[in-house]
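Descriptive structure summary
As a plain string of letters, each chain reads:
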Amino acid sequence: MSLLPTNAEIAEYLHVGIQTVKSHVSSILRKLDLRDRTHAVAYAHLSGFAEKGSVRRWE
């Protein structure tokens, strides 16, 4: 099971539409030249933006 929140979970948490989340995620990935959200997590860890174990499920 993935620890990354789904687009629907992010949308609910932020009180925005799923398409809004998809649009922003796509924009971030494009600007960072990353393939997908999993690649973004690896990039965040390698760049020091995120620490090991810092990804958690949203409640």
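What you see is a predicted model, and the numbers here were worked out from it, not measured in a lab. (Residues numbered from 1 in each chain as written. Predicted model: local features only at pLDDT ≥ 70, side-chain atom pairs only at ≥ 80, totals over all residues. Heavy atoms only, no water.)

1. What about the overall build of the protein?
The number of helices and strands found in the protein is 3 helices and 0 strands. Its helices and strands in sequence order give the protein the pattern α-α-α, from N to C terminus. Counting only residues that meet the buried cut, the protein has 17% of its 59 residues in that class. Of the accessible surface of the protein, which amounts to about 5000 Å², a share of 57% is contributed by carbon and sulfur atoms. (Helix = DSSP H or I, 4+ residues; strand = E, 2+ residues; numbered from the N terminus. Buried < 20%, exposed > 50% of the residue type's maximum accessible area, 1.4 Å probe, protein only. Areas by Shrake-Rupley, 256 points an atom, 1.4 Å probe, with all protein chains shown as cover.)

2. Overview of a nonpolar patch on the surface
Together, Tyr13, Leu14 and Val16 line one region of the surface with nonpolar side chains, adding up to about 290 Å² of accessible area. Along the chain, the position of Leu14 falls in helix α1 (residues 7-14). You can call Leu14 partly exposed: its relative accessible area is 48%. (Patch = residues over 30% accessible without salt bridge, like charges linked within 9 Å, V, L, I, M, F, W, Y side chains within 5 Å. Salt bridge = Lys/Arg side-chain N within 4 Å of Asp/Glu carboxyl O.)

3. A word on unusual backbone geometry
One non-glycine residue, His15, lies in positive phi territory at about 60 degrees. Here Asp33, not a glycine, exhibits a phi torsion of approximately 55 degrees, which is positive. Summarising the element assignment, Asp33 is placed in the loop between α2 (18-32) and α3 (37-47).

4. Some points on the packing of α1 against α2
Between two packed helices, what matters for the description is the angle formed by their axes and the separation of those axes. Contact geometry for α1 and α2: axes closest at 8 Å, N-to-C directions at 110 degrees. The angle between α1 and α2 falls in the class roughly perpendicular. In terms of crossing hand, the pair formed by α1 and α2 is right-handed. Contacts between α1 and α2 involve Asn7, Ala8, Ile10 and Ala11 from the former and Ile18, Val21, Lys22 and Val25 from the latter. (Axes fitted to C-alpha atoms, helices over the stretch in contact; angles between N-to-C directions. Parallel < 35°, antiparallel > 145°, perpendicular 65-115°, else oblique. Left-handed = near helix turned anticlockwise from the far one by under 90°. Contact = heavy atoms within 4.5 Å.)

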